[in-house]
Amino acid sequence: MTGQLVEMDRLRIALQALVLSKLPFVLYRLPEGTPQLMVLTQGKPLSFTALSALDDASGFVMAPFDLNGSHPVVLWPNASCLKASGWPDICFCLTELLSSPDWAALKAQVEQTPLLAPGTINTMGAGPYRSDFAQFSAALHAGLFQKLVLSSYFEQESSCFYVLDNFMRACAVKPELMVVLAQAPQVGTWFVATPEVLVRTLPQSSRLHTMALAGTMPYCAENMELAAWSHKNREEQALVTSYLTAILGDDYEAHGPYPVKAGSVVHLRTDLTFTPKQGLSALLAALHPTPAVCGLPKAAALDFIVEHESYQRSYYAGFLGEMQCPKSGTNLFVNLRTIELLAQQGVWGPWTFRSYVGGGLLAASNEDSEYAEICAKNRSVLSNLKPELWRG
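Since the structure is predicted, the reported quantities are computational estimates derived from the model, not experimental observations. The numbers attached to residues start from 1 for each chain and follow its sequence in the written order. Where local features are concerned, this predicted model is filtered to residues with pLDDT of at least 70; where side-chain atom pairs are given and counted, the filter is 80 or more; whole-chain, interface and lining totals use all residues. Derived side-chain values reflect all non-hydrogen atoms in the structure, with water molecules and hydrogen atoms excluded from consideration.

To get an axis, a line is fitted to the C-alpha atoms, and for a helix only the part in contact is used. The angle between two axes follows their N-to-C directions and goes from 0 to 180 degrees. Secondary structure elements follow DSSP: runs of H or I of four or more residues count as helices, runs of E of two or more count as strands, with numbering from the N terminus. The geometry of helix H4 (residues 129-141) relative to helix H9 (residues 367-382) is characterised by a closest axis approach of 11 Å and an angle of 130° between their N-to-C directions. If you check the angle between H4 and H9, you find them oblique. Crossing hand, H4 versus H9: right-handed. Side by side, H4 and H9 meet where Tyr129, Arg130 and Phe133 of the first sit next to Glu367, Asp368, Glu370, Tyr371 and Ile374 of the second. We call Asp, Glu, Lys and Arg charged. Ala, Val, Leu, Ile, Met, Phe, Trp, Tyr, Cys and Pro are nonpolar, and the rest, Gly among them, are polar. Split into classes, the residues belonging to the contact of H4 with H9 amount to four nonpolar, no polar and four charged. Working rule for angles: under 35 degrees goes down as roughly parallel, over 145 as roughly antiparallel, 65 to 115 as roughly perpendicular, anything else as oblique. The handedness criterion is simple: a crossing whose near helix is rotated anticlockwise from the far helix by less than a right angle is left-handed, and one whose near helix is rotated clockwise is right-handed. The contact criterion used throughout is that any non-hydrogen atoms of two residues lie within 4.5 Å.

Encoded structure:
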């Protein structure tokens, strides 16, 4: 046990220093998987302004909600990154990296700064969800859209922020999620624990997997039964499923919908396995952004959101994950349940961040119930971010 505690201390110091160093890296854990680290020790990740550039790409990718010059697709290339798998290997890799002359002083500063007592997370402000709701609702009532997804954010300050502990907490408490900590000059620093698959390769098969994930209720035993779900939630889920199956053609198998737990909330999910009829970048262009984060009709909904949502989503509601990796293939997830780290006032805190949440709207949607839903989702996001050490 003492040896494990010592390694935990070394890991905590090394990962905190890595974030403070601003080196480009990604630390991630696939659902039920082993943590993986990729660090770019020289230069910065590659940037692309078209999804077609990903056809020959191999590495970890992060794409925005709306691809443009300000928010490119970013790739940490496999061939250029220092890589480690599993906590012992990650600890060794980071300790060696941060012992180099370039980073030894920063590592020493983190080592010499005392840990902080358990603290609090305070909401400093919220985005303009309620003012935006009126415009979105009017467009739905006018019959311009079947569905629109309205999102917003909450500005938060955490009195202390232990990067490793928050990552480990998310992995342990939510083993079914994709957990990611990503940093690059083009994107900043993001922490994600997402339940939604965009596209994954199936082991030893030419078929792929995607999912329709839509509808949200608070987690309780009753809501794990399909009969508990409202017509609005079922309709929202059915719209997403119909859109995806239209893209996939005839060669697909569907399982669902069924309720699935994602932290403190429950969603309706339909799994779809299929044989691709197009290249990977063309498939991504057709899938992204899905109606679960955008709306229907897709192209018009995307334009409406970009014009009328009172902030830029940036990489929230984009996608991220492994792209054509030699051993694991492609494992891409929608960037949901996410925070963006904004500023660090000290080694361990206070740190400020922005949490992003959203929800699907239909013409029948009620503002108060929809706002309550995004607040519930925000609580689920914050459940990964307790300002204290992880004792798991």
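Taking burial as the measure, the seven residues of strand E9 (residues 178-184) include seven buried ones, the bulk of the element. Each residue is assigned to one of three classes by its accessible area relative to the maximum for its type, calculated with a 1.4 Å probe on protein chains only: buried under 20%, partly exposed between the two thresholds, exposed over 50%. Here E9 shows no split at all, with Met178, Val180, Ala182 and Ala184 on one side and Val179, Leu181 and Gln183 on the other all buried. Strand pairing is defined by DSSP finding a minimum of two bridges between the two strands. Two strands pair when backbone bridges link them, and strand E1 (residues 25-29) and E9 are joined in this way by five bridges, in the antiparallel orientation. In the sheet register, Val26 faces E9, and the bridge partner there is Ala182. Alignment of E9 against strand E10 (residues 188-194), held across seven bridges, turns out to be antiparallel. What sits directly across from Met178, in E10, is Thr194. Linkage of E9 to E10, two consecutive antiparallel strands, is achieved through a turn of three residues.

Before going further, it helps to examine the sheet that holds strand E14 (residues 265-274). Across a sheet, paired strands are connected by hydrogen bonds in the backbone, their directions being either parallel or antiparallel. With antiparallel pairing, nine strands are arranged side by side in an open sheet as E3-E5-E4-E16-E17-E11-E12-E14-E13. Each end of this open sheet is capped by a strand with a single partner; those strands are strand E3 (46-48) and strand E13 (252-262). The mean angle between the axes of side-by-side strands here comes to 20°, regardless of whether they run parallel or antiparallel. Here strand E11 (residues 197-201) runs beside strand E17 (residues 329-334); their pairing, made up of three bridges, is antiparallel. Bridging across to E17, Val199 finds its partner in Leu332.

Pairs may arise between side chains of opposite charge once their charged atoms sit close together. Salt-bridge detection follows one rule: a side-chain nitrogen of Lys or Arg within 4 Å of a carboxyl oxygen of Asp or Glu. This model, assessed by the stated rule, comprises 13 salt bridges. The shortest N-O distance in the salt bridge between Glu309 and Arg313 comes to 2.7 Å. For the pair formed by Glu309 and Arg313, the shared burial category is buried. Note that Glu373 is salt-bridged to Lys377, the shortest N-O span being 3.2 Å. Separated by four residues within a single helix, Glu373 and Lys377 lie in helix H9, roughly one turn from each other. Taking relative accessible area as the criterion, Glu373 reaches 11% and is therefore assigned buried. Salt bridges here are not isolated pairs; linked through shared partners, they connect Lys147, Lys232, Glu236 and Glu370.

Now for the packing of H4 against helix H8 (residues 298-308). H8 packs onto H4 with a crossing angle of 155° between their chain directions and a minimal axis gap of 11 Å. With respect to H8, the axis of H4 lies roughly antiparallel. Both H4 and H8 take part in a crossing whose hand is right-handed. Along its contact with H4, which presents Asp132, Gln135, Phe136 and Ala139, the element H8 presents Phe304, Ile305 and His308. Of the residues assigned to the contact of H4 with H8, the class counts are four nonpolar, two polar and one charged.

Attention shifts here to the environment of Ala286. Inspection of the secondary structure assignment puts Ala286 in helix H7 (residues 280-287). Taking the C-alpha atoms as reference points, Ala286 and Lys298, separated by twelve residues in sequence, lie 9.7 Å from one another. Look past the residues within four positions of Ala286 in its chain and what remains in contact with it is Tyr243, Ile247 and Lys298.

Further remarks concern the nonpolar core. Core analysis: the largest hydrophobic core is formed by 127 residues, its most contacted members being Leu37, Leu54, Trp76 and Leu284. For Leu37, the contacting residues outside a window of four places in its chain are Leu18, Phe25, Val26, Leu27, Leu82, Lys83, Ala84, Ile90, Cys93 and Leu94. What is meant by a nonpolar core is a set of buried Ala, Val, Leu, Ile, Met, Phe, Trp, Tyr and Cys residues, joined one to another through side-chain atoms within 4.5 Å.

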